[in-house]
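# Survey of secondary and tertiary structure
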Amino acid sequence: LALITDILFSGTIDSKIAARYSKAMQYVRLGQTGLKVSRLCLGCMSFGDPGRGFHPWILDEEASRPILRRAVEAGINFFDTSNNYASGTSEEVLG
């Protein structure tokens, strides 16, 4: 978990190192769907348009990008989002 945390939040880990760590990501089947998702899920309630959200700590798209990029580099493919997070703008940032 410490390696994943370093990838997600450290500005010093480059994509080659992140790629090596992503090989360590474990995946599980999501119910009966057959879909394989990472065991770690990135919650996206902190991403969106700060002006449209209910919380002062919401990160705009520019500030969210490095975190999302590092999550993908780490092998995370499971993201928690909702049309209620920052009035739906979390989903817009996530794509």
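Residues numbered from 1 in each chain as written. Predicted model: local features only at pLDDT ≥ 70, side-chain atom pairs only at ≥ 80, totals over all residues. Heavy atoms only, no water.

## Re the nonpolar core
In terms of nonpolar packing, the biggest core is built from 9 residues, these being Met25, Leu42, Cys44, Phe47, Ile67, Leu68, Ala71, Ile76 and Val93. Looking at this core element by element, the count peaks at 3 residues for helix α3 (residues 61–73). Apart from residues lying up to four places away in sequence, Phe47 is in contact with Leu42, Ile58, Leu59, Ser64, Ile67, Leu68, Ala86, Thr89, Ser90 and Val93. (Core = buried A, V, L, I, M, F, W, Y, C linked by side-chain atoms within 4.5 Å. Buried < 20%, exposed > 50% of the residue type's maximum accessible area, 1.4 Å probe, protein only. Helix = DSSP H or I, 4+ residues; strand = E, 2+ residues; numbered from the N terminus. Contact = heavy atoms within 4.5 Å.)

## Quick word on the side chain of Ser38
By secondary structure assignment, the location of Ser38 is in strand β2 (residues 36–38). Here Leu40 takes part through its backbone oxygen, which lies 2.6 Å from a polar atom of the side chain of Ser38. With residues up to four places along the chain from it excluded, the contact list for Ser38 reads Met25, Gln26, Tyr27, Gly75, Ile76, Asn77 and Phe78. (Polar contact = N/O pair within 3.5 Å; in protein donor to acceptor, adjacent residues only side chain to side chain.)

From the geometry alone we can't say anything about function, so treat these as descriptive.
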